[in-house]
Amino acid sequence: MKTLIATALIIASSASYAHDNSFSSESCNVDLNGGININAKEIIFSKNKSPLYTITNNDTLIIKGEEVTLTSHQKSLIRDYSSHIRDVVPEVKSIALDAIDLAIDGVNLAFNELLGEGNNVSADLTTQLTTIRGEVDAEFNKQNSFYIDEDGFSGKDFFGDDFEQRIESAVESTIKNSLGTLMIAVGQEMLFSGGDMDAFETKMDDFGELIGNEMETRSEGIEKRGEALCQSIMVIDEMEEQLKDSIDEISNYNFITASSKSSHNKI
């Protein structure tokens with residue numbers, strides 16, 4: 001059960017942002033080499049919390065408080081770069097929340113099958129996961145801004161080890177507090193099997209496989225969206241390279257490095 005939930009939430013982590021200065025999955029790697037703060041009016045690029053340059057109104061480049069004179073072509077590059085970065089944020093949020101919803105569905109599928117609809121175990125664990133979901137939602141909506149750097153969202157490793165530990169703790173504490181209920185349910189299932197341990201194990205294996213297949217099917221859509229998100233970030237990486245080639249003032253800055261399984265070099 002814990003593995004099932006962890007699997008669903010790992011999708012959220014890999015599809016959005018993981019620890020160790022990057023996010024990665026089997027087919028996607030993204031490294032951030034600084035901080036990016038996105039709000040309604042501007043995108044601020046920083047290093048060690050110190051702003052290096054800012055894009056305001058999607059097409060104006062500000063360095064050290066001064067607007068950089070840009071050609072129409074350079075403004076177009078800035079506009080595309082800014083727009084693509086903004087477009088990624090809601091998809092990151094959507095994938096993360098949908099992955100947690102997937103975990104909640106898995107909890108209910110498992111415990112409702114074993115204990116029946118409306119059982120306390122499912123309700124308690126769903127409540128805890130829903131609380132965590134609310135925190136993730138709030139993190140993305142905080143002050144209508146979004147900040148991410150080498151350490152994670154809002155300067156902390158939001159989807160890292162601590163996040164996974166919270167999920168595991170929620171599962172473990174709920175099962176521990178409901179051990180009596182679970183033991184009774186298991187005992188009843190054994191009685192229905194006539195005390196035949198082999199028949200009971202086969203039924204439990206079939207039950208686990210059924211839930212696993214159901215969750216895998218549901219997770220495929222999230223995984224595909226994660227792959228599409230990776231491609232979007234690779235496009236942003238390529239746009240950054242075009243900006244660096246076109247605008248001398250930011251030629252030495254490299255905030256985003258992205259690669260897929262088939263492309264390990266910076267594009």
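These numbers were taken from a predicted model, which means no experiment stands behind them.

Undergrad: Tell me about the confidence of the model for the protein chain, residues and numbers included.
TA: On average, residues of the protein chain carry a pLDDT of 75, and 66% of them reach 70 or more. Here residues 263-267 is a poorly scored stretch, pLDDT under 50, and it has 14 contacts once near neighbours within four places are set aside; other chains count.

Undergrad: Please give an account of unusual backbone geometry that cites residues and values.
TA: Leave glycine aside and you will find that most residues have negative phi; peptide bonds, for their part, are mostly trans. Of note in this structure, N57 is not a glycine but carries a positive phi near 50°. Inspection of the secondary structure assignment puts N57 in the loop between β5 (50-56) and β6 (60-63). Given a relative accessible area of 58%, N57 falls into the exposed group. Of note in this structure, N58 is not a glycine but carries a positive phi near 70°.

Undergrad: Can you explain the environment of V107? Please cite residues and give values.
TA: Position of V107 among the secondary structure elements: in helix α2 (residues 72-115). Taking C-alpha positions, V107 is 6.3 Å from S122, a pair spaced 15 residues apart along the chain.

Undergrad: If you had to explain the packing of aromatic side chains to someone new, which residues and values would you point to?
TA: What the rule picks out here adds up to six aromatic pairs. An angle of 80° between the planes, with centres 5.8 Å apart, marks the rings of Y53 and F255 as edge-to-face. Placement of the pair is Y53 in strand β5 and F255 in the loop between α6 (197-246) and β10 (256-260), with a sequence separation of 202 residues. Like F255, Y53 is buried. Pairwise contacts between aromatic rings join F45, Y53, Y81, Y253 and F255 into one cluster.

Undergrad: Can you explain the nonpolar core? Please cite residues and give values.
TA: With 51 residues, the main nonpolar core has I36, F45, Y53, L61, Y81 and I256 as its most contacted residues. When residues in this core are grouped by element, the largest group, 16 residues, is from α2. For Y53, the contacting residues outside a window of four places in its chain are I43, I44, F45, L61, I62, I63, Y81, I250, Y253 and F255.

How each quantity is defined
Residues numbered from 1 in each chain as written. Predicted model: local features only at pLDDT ≥ 70, side-chain atom pairs only at ≥ 80, totals over all residues. Heavy atoms only, no water. pLDDT = per-residue confidence, 0-100. Contact = heavy atoms within 4.5 Å. Helix = DSSP H or I, 4+ residues; strand = E, 2+ residues; numbered from the N terminus. Buried < 20%, exposed > 50% of the residue type's maximum accessible area, 1.4 Å probe, protein only. Phe/Tyr/Trp six-rings, centres within 6.5 Å; stacked < 30°, edge-to-face > 60°. Core = buried A, V, L, I, M, F, W, Y, C linked by side-chain atoms within 4.5 Å.

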